[in-house]
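Okay, here's what each chain looks like letter by letter:
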Amino acid sequence: MRLLFSALTIACLTFGAQAQDKTITIASTTSTQDSGLFNHLLPAFKTKTGIDVKVIAQGTGQALDTARRGDADVVFVHAKSAEEKFLAEGFGVKRFDVMYNDFVLIGPAADPAAIKGSKDIVASLKAVQAKAAPFVSRGDKSGTHVAELALWKDAGLDPAAAKADWYREIGQGMGAALNTSKAMGAYVLSDRATWISFKGKDGLIIAVEGDTKLFNQYGVILVNSAKHPHVKAALGQAFVDYVISAEGQKVIADYKIEGQQLFFPNAGK
Amino acid sequence: MSDLPITLSNVSYRVGETSILRDVNLVVRTGGPTFVVGPNGSGKSTFLRLAMGLIEPTTGTIDWAGSRDPAPRRRAMVFQQPVMLRRSVMGNLLYALEQAGVEKSLRHRHCEELLQKVGLSDLADRPARRLSGGERQKLAFARALARSPEVLILDEPTASLDPSATFALERLIAQAASEGIKILMASHDLGQVRRLAGDVVFLHRGQILESAPVQDFLAQPRTAQASAFLRGDLIMED
Amino acid sequence: MNEGSSALALVLSGDPALYAIVRLSLVVSLSAVGLAALVGLPLGGLIALTRFPGRAGVIVLLNAFMGLPPVVVGLAVFLLLSRSGPLGSWGLLFTPTAMVIAQAVLITPIIAALTRQTVEDYWSDYRDELNAMGVGPLQRLMTLLYDARIALVTVLLAGFGRAAAEVGAVMIVGGNINGFTRVMTTAIALETSKGDLPLAMGLGLILIAIVFAINASAWALRFYAERRIG
C-alpha cells in the first residue's frame with residue numbers, strides 16, 4: 001500500500017511541475033509526425049527559445065477540431081481549404097505557408113492497374129477504377145485524404161459515394177494505411193516523407209510521382225486567443241515566427257532521410 | 001453497569017414459517033453455571049444467541065439488568081466453531097482487549113496474563129488460524145475473558161474436541177465459575193452436565209420443559225421427554 | 001527471426017527512450033491503482049456492510065461497470081477535460097494526470113465490486129464473533145479490510161493488470177505525445193503502424209513480462225497466505 005502511495009505522490013509532483021515549464025501544444029498530423037520532422041525541428045526550436053513543444057498527432061480534420069475546442073495553441077497541417085475555413089470561423093489569427101512536400105501514389109509491386117512510371121495522376125486513377133484495383137483511402141479528413149478526394153474529383157470519379165468495393169476507407173493514419181495497403185495489395189496515396197521513413201516497404205513501390213497536382217502545401221496558424229483566452233499566444237507566436245524565419249526554414253531543409261530531403265521550405269514565397 | 005439478571009419474557013423466535021423458540025420465560029441470575037440441554041434442533045444455539053443479544057426475538061422481550069439495549073456490556077460469548085482473525089494468537093487477543101476498551105498501555109500485560117491462564121503462552125506468535133481445535137477454543141476463551149465479563153455464554157464449546165482438550169477447557173470453565181463469572185452454557189454431553197452444572201434448563205422443540213437444580217433434573221426428571229433424553233433415547237414425537 | 005532478435009537486443013541494451021516509456025506506464029497505472037484503491041476499498045466495504053434501499057441495484061450496477069470499455073471511459077474523461085468541457089480550466093487534457101484519472105475511473109468499479117464481494121464473504125464468517133465483541137460499524141469495516149488484506153491485494157493487482165494493458169483510454173486522453181504521454185500500449189500501437197516492429201515487439205515483451213509478473217505475484221501471495229496465515 002505504501003508503495004502505491006509513494007508512486008501517487010511522485011506522480012503528482014512530477015506532473016504538477018510540468019505546468020511551470022514553458023510549453024506549448026501543437027496540433028499536427030500523423031503524417032508530419034511519422035515523417036520524423038518534429039524530432040529534428042523541435043530540439044532546434046527548444047535550443048533557441050527554451051520552449052518545450054508537445055505534439056498531438058491526428059488527421060488534419062481532427063487537428064483543426066482540437067484547436068477549435070481550445071485544446072492546442074498552434075496548428076500545423078496541410079489542407080489549405082480546411083485551414084482557410086478554420087480562419088474564416090475566427091479560430092486562427094493568421095495563416096503562413098511553411099513548406100511543401102509531394103504526394104506519391106504507392107502501389108503493389110505487381111501493379112494490377114498497370115500504371116507504374118506514369119507522371120499523370122488523373123489518368124492513373126481512372127485506370128485504377130477501370131481495373132477495379134484495390135485502393136486504400138485514409139478516410140479520416142486528413143490533409144492527405146482531402147488531397148486524395150480532390151484528385152478523384154479532377155478525374156471526374158467518386159468511388160466513395162459509389163461505395164465501390166475496391167475502394168477501402170480505413171479511418172486511420174498514414175502508417176496504418178501503408179501497412180493495410182501492403183496487406184491488401186492495394187494502391188494508396190501517401191506523402192513522400194512518410195513513405196521514405198516507413199519501415200517495411202517490401203512489396204510496395206512508387207507507382208506514380210512527379211505530377212504537379214501532387215504538390216502538398218503545409219501551413220502554420222496560431223490559435224486565436226480571442227476565442228480561447230488560455231491559449232499561450234506569445235509562446236505560440238514564437239513557434240510560428242521560428243518556422244517561417246530563415247533559421248527555421250534552413251532546419252527544415254536540412255532534414256533528410258537516407259540522404260533525401262523530405263520538405264521544401266517556401267515561407268513568404 | 002451490569003448485564004445480570006438476563007430476563008427473557010414470552011420470547012418467541014421464528015424464521016419465516018418455522019418456529020424455533022416458543023413462549024420462553026427465564027431469568028438468568030448470578031450463581032452457579034446454568035446449563036441449557038436438549039436434543040439437536042431444540043433451539044439451544046438460538047436461545048444463547050438471544051441471551052447474548054446477537055439476534056432479536058420475534059415476539060417478547062429480553063433485558064439485561066433492566067435495559068433493553070442489546071449491546072454487550074459485561075458479557076462475552078464462546079462459539080462452537082470460533083472464528084479466528086487472520087493474525088497471530090497474540091494479535092487476536094490484543095484485538096479483543098482493544099474492543100473491550102482496555103487502555104493501550106495495559107493491553108500487553110493483560111494479554112500475557114490471559115495467555116498464561118489458558119496455557120497458550122508458547123503459541124503467542126503462531127498464526128491463529130493454524131491452531132488445533134482445542135487451542136482455538138482456548139484462544140476463544142481467552143478472548144472472552146479479555147472482556148472481564150460478568151456472564152460467559154458458551155455454545156457447546158467442547159462438542160468437536162478430543163477428551164484431553166475437553167478436559168482442559170472444562171477446567172478453565174470451572175475456574176471462571178469459581179471466580180464468580182456466571183456461566184450460561186449449552187451442552188449435550190450429560191457427563192459434562194454432571195461435572196459442571198449448577199442448574200439445568202431443558203429445551204425441547206423450542207420450549208422450556210424443565211428448569212431445575214442439576215441433581216434434581218438428573219435424578220428426577222418431571223417430563224417424559226426429559227426422561228427419554230436422559231436415557232439416551234431419541235425423542236421424535238412432540 | 002531478425003526483428004525478434006533486434007527486439008531482444010533493444011530491451012537488453014537499456015535503451016533510455018524505451019525505458020522512459022516503461023517508467024511512465026508504470027507510474028501512470030500504479031497511480032491509477034492508488035487512486036482507485038482510495039475510493040474503491042472503502043466504497044466496496046461500505047456497500048458490503050450497510051443496508052440501504054436499492055442496494056441490490058447498486059451491486060448489479062457496480063458489477064456491470066467492471067466491464068466498462070476503456071475507449072468509452074477515455075471518451076467520457078476527454079469530454080470532461082477538454083478546454084471546451086466543464087473541467088477544461090484545469091488544463092489537464094493530454095497530460096499524464098489525465099491518463100491517471102481515466103485509468104482510475106476505469107478500474108475503480110473493479111476494485112469496489114471485488115472488495116464488496118470479499119468483505120461480504122468475510123462478514124458472514126466474522127459476524128457473530130465481531131458482534132459478540134461489541135465491534136462498532138466503523139471498526140468493523142477496518143477490521144474486515146485488514147483481515148482480508150491478502151485477498152484485497154490480489155484485487156489491486158487485478159486492477160493494475162487491467163490498467164497497464166489498456167490502450168483506448170490513455171490514447172484518447174493522453175494523445176500519445178512523444179516523450180510526454182507515450183506509454184507502452186500506445187507506443188506499441190504507433191510503432192506497429194509505422195512499421196517499426198522491433199521497437200513495438202520490445203515493448204510488447206516488456207508488457208507481457210509485467211503482466212506475467214503481476215499474475216505470478218497474485219498466485220504467490222495466495223500461496224504464502226495459505227502457508228503463513230492459514
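Along each chain, residues carry numbers from 1 onward, in the same order as the chain's sequence is written. Chain letters start at A and ligand numbers start at 1, both assigned in the order the entries are written. Only residues with pLDDT of at least 70 get local features here, since the model is predicted, and only at 80 or more are side-chain atom pairs given and counted; chain-wide, interface and lining totals rely on the full set of residues.

Undergrad: Any chance you could explain the domain arrangement of chain A here in plain terms?
TA: One frequently used descriptor of interface size is the decrease in accessible area upon assembly of the parts. Residue and element names in this part refer to chain A. Throughout the structure description, domain borders are defined by an automatic or database domain assignment. Domain boundaries in chain A define domain 1 (22-101 + 217-265) and domain 2 (102-214). Domain 1 puts 21 residues into the contact, and the matching count from domain 2 is 18 residues. Among the secondary structure elements, those contributing two or more residues to the side of domain 1 that touches domain 2 are α2 (30-34) and α4 (60-68). Here the nonpolar group is Ala, Val, Leu, Ile, Met, Phe, Trp, Tyr, Cys and Pro; Asp, Glu, Lys and Arg are the charged ones; every other residue, Gly included, is treated as polar. A class-by-class count of the residues in the side of domain 1 that touches domain 2 yields 7 nonpolar, 12 polar and 2 charged. Any two residues are considered in contact once their C-beta atoms, placed from the backbone, lie within 7 Å. Only DSSP runs of H or I reaching four residues or more are called helices, and only runs of E reaching two or more are called strands; each is numbered from the N terminus.

Undergrad: What should I look at first to understand unusual backbone geometry in this one?
TA: Residues L4 of chain B and P5 of chain B are joined by a peptide bond in cis, for which omega reads 0 degrees. A positive phi is found at K141 of chain A, a non-glycine position, where the angle reads about 60 degrees. With respect to the helices and strands, the residue K141 of chain A is situated in the loop between β5 (135-137) and α7 (143-154). At S148 of chain B, a position not held by glycine, the phi torsion is positive, near 45 degrees. Locating S148 of chain B in the fold gives a position in the loop between α4 (133-145) and β6 (151-155).

Undergrad: Whenever I open this one, helix α12 (residues 246-254) of chain A confuses me. Can you help?
TA: For the α-helix, the turn length of 3.6 residues means that residues three or four positions removed from each other point alike. All names here are of chain A. Between the buried cut of 20 or more and the exposed cut of 12 or fewer other C-beta atoms within 10 Å of a residue's own C-beta lies the partly exposed class, and all C-beta atoms are placed from the backbone. For α12, the set of buried residues is G248, Q249, V251 and I252. In an axial view of α12, the angular spread of the buried residues amounts to 155 degrees, which keeps them on one side of the axis. In α12, the exposed positions angled more than 90 degrees off the buried face are occupied by A246, E247 and K250. In this structure, the buried residues of α12 make contact with α3 (37-49), β4 (92-108), α11 (233-244) and β12 (264-265). Note that the arc is defined by the directions from the helix axis to the C-beta atoms.

Undergrad: Honestly, the interface of chain C and chain B in this entry has me stumped. Any pointers?
TA: At the interface, 13 residues of chain C touch 16 residues of chain B. Per-element accounting of the side of chain C that touches chain B gives the leading share, 6 residues, to helix α5 (residues 96-132) of chain C. When the residues that make up the side of chain C that touches chain B are grouped by side-chain class, the tally is 5 nonpolar, 3 polar and 5 charged.

Undergrad: Looking at this structure, how should I read the interface of chain C and chain A?
TA: At the interface, 25 residues of chain C touch 25 residues of chain A. For the side of chain C that touches chain A, the secondary-structure elements that each account for two or more residues are α2 (16-49), α5 and α9 (184-194) of chain C. For the side of chain C that touches chain A, the element with the highest residue contribution is α2 of chain C, accounting for 7 residues. A class-by-class count of the residues in the side of chain C that touches chain A yields 11 nonpolar, 11 polar and 3 charged.

Undergrad: Is there a simple way to think about the sheet that holds strand β1 (residues 6-15) of chain B in this case?
TA: Two pairing modes exist for strands in a sheet, parallel and antiparallel, and in both the strands are linked by backbone hydrogen bonds. Residue and element names in this part refer to chain B. In this description, strands pair whenever DSSP reports at least two bridges between them. The strand order across the open sheet formed by 3 strands is β2-β1-β4, and the pairing between neighbours is antiparallel. A strand with exactly one partner marks an edge of an open sheet, and here the two such strands are β2 (18-28) and β4 (59-64). Each strand axis lies, on average, 20 degrees off the axis of its neighbour in the sheet, ignoring direction. Direction of pairing for β1 relative to β4: antiparallel, over a ladder of 5 bridges. Among the inter-strand pairings, I6 is bridged to a residue of β4, identified as W64. Every angle, taken between N-to-C directions, lies between 0 and 180 degrees, and every axis is a line fitted to C-alpha atoms, over only the stretch in contact when it is a helix.

Undergrad: Whenever I open this one, the sheet that holds strand β9 (residues 207-213) of chain B confuses me. Can you help?
TA: All names here are of chain B. The strand order across the open sheet built from 6 strands is β5-β6-β7-β3-β8-β9, with neighbouring strands paired in mixed fashion. For this open sheet the edge positions go to β5 (75-78) and β9, each flanked by a neighbour on one side alone. In this sheet, neighbouring strand axes are inclined to one another by 15 degrees on average, regardless of whether the strands run parallel or antiparallel.

Undergrad: Quick question: what am I supposed to make of the confidence of the model for chain A here?
TA: Residues shown with low pLDDT carry predicted positions that ought not to be read at fine detail. On average, residues of chain A score 88 in pLDDT, and 93% of them are at 70 or above. Per-element confidence in chain A is highest for strand β3 (residues 74-77) of chain A, whose mean pLDDT is 96, and lowest for helix α1 (residues 2-18) of chain A, whose mean pLDDT is 56. What pLDDT expresses is the predictor's confidence in each residue, scored from 0 to 100.

Undergrad: Honestly, the packing of α9 of chain C against helix α10 (residues 197-228) of chain C in this entry has me stumped. Any pointers?
TA: When two helices pack together, their arrangement is captured by the angle between the axes and the distance separating the axes. Residue and element names in this part refer to chain C. As a packed pair, α9 and α10 sit with axes 8 Å apart at the nearest point and diverge in direction by 155 degrees. By the angle class used here, α9 and α10 are roughly antiparallel. For the pair α9 and α10, the crossing hand works out as left-handed. In this structure, α9 uses M184, A187, I188, E191 and T192 to contact α10, whose residues at the interface are L197, L199, A200, L203, G204, I206 and L207. Of the residues belonging to the contact of α9 with α10, the class tally is 9 nonpolar, 2 polar and 1 charged. Oblique is the label for every angle not falling under 35 degrees (roughly parallel), over 145 degrees (roughly antiparallel), or within 65 to 115 degrees (roughly perpendicular). In this scheme the handedness of a crossing depends on how the near helix is turned from the far one: anticlockwise by less than a right angle means left-handed, clockwise means right-handed.

Undergrad: Would you explain the pairing of β4 of chain A in this entry?
TA: A regular strand places its side chains on the two faces of the sheet in alternate fashion. Residue and element names in this part refer to chain A. Looking at chain direction, β4 and strand β9 (residues 215-223) are connected through 8 bridges and run antiparallel. By the bridge assignment, R95 is partnered in β9 with I221. Sheet topology note: the β4/β12 ladder contains 2 bridges and is antiparallel. Paired with Y100 across the strands is F264, a residue of β12. Pairing analysis gives 4 bridges linking β4 to strand β7 (residues 187-191), with the strands arranged antiparallel. Within the sheet, the bridge partner assigned to I106 lies in β7 and is V188. With 4 bridges connecting them, β4 and strand β8 (residues 204-208) associate as antiparallel partners. Among the inter-strand pairings, G107 is bridged to a residue of β8, identified as I205.

Undergrad: What is the right way to look at the pairing of strand β3 (residues 34-37) of chain B in this model?
TA: Residues and elements named next belong to chain B. In β3, alternate side chains face the same way, and those of T34 and V36 on one face and F35 and V37 on the other are all buried. By the bridge criterion, 3 bridges tie β3 to strand β7 (residues 182-186) in an arrangement that is parallel. Across the sheet, the residue bridging to V36 is A186, located in β7. Examined bridge by bridge, β3 and strand β8 (residues 199-204) share 4 bridges and lie parallel to one another. Opposite V36, over in β8, you have V201 as the bridge partner.

Undergrad: Hey, could you run me through the arrangement of the chains in this one?
TA: Where the 2 pairs of chains in contact are concerned, the greatest contact count is recorded for chains A and C. One finds no contact linking chain A with chain B; the least C-alpha distance across the pair is 18 Å.

Undergrad: Please explain the environment of T166 of chain B as it appears in this structure.
TA: Residue and element names in this part refer to chain B. Tracing the chain through its elements places T166 in helix α5 (residues 163-178). With 13 residues separating them in the primary sequence, T166 and E179 have C-alpha atoms 20 Å apart. When residues no more than four places from it in sequence are discounted, the contact partners of T166 are T158 and L161.

Undergrad: Explanation requested: α9 of chain C in the structure shown.
TA: Taking burial as the measure, the 11 residues of α9 of chain C include 9 buried ones, the bulk of the element. Taken together, the buried positions of α9 of chain C are M184, T185, T186, A187, I188, L190, E191, S193 and K194 of chain C. Along its buried surface, α9 of chain C packs onto α2 and α9 (174-184) of chain A together with α2, α7 (149-165), α8 (168-174) and α10 of chain C.

Undergrad: I'm lost on the packing of α2 of chain C against α7 of chain C in this one. Help?
TA: All names here are of chain C. It is at 9 Å that the axes of α2 and α7 come closest, and there the two elements cross at 135 degrees. As judged from the angle between their axes, α2 and α7 are oblique. In the crossing of α2 with α7, the sense of the turn from one axis to the other is right-handed. In this structure, α2 contributes S25, S29, L30, A32, V33, A36, A37 and L41 to the contact, and α7 contributes L152, L156, G159, F160, A163 and A164. In terms of residue class, the contact of α2 with α7 is made up of 11 nonpolar, 3 polar and no charged.

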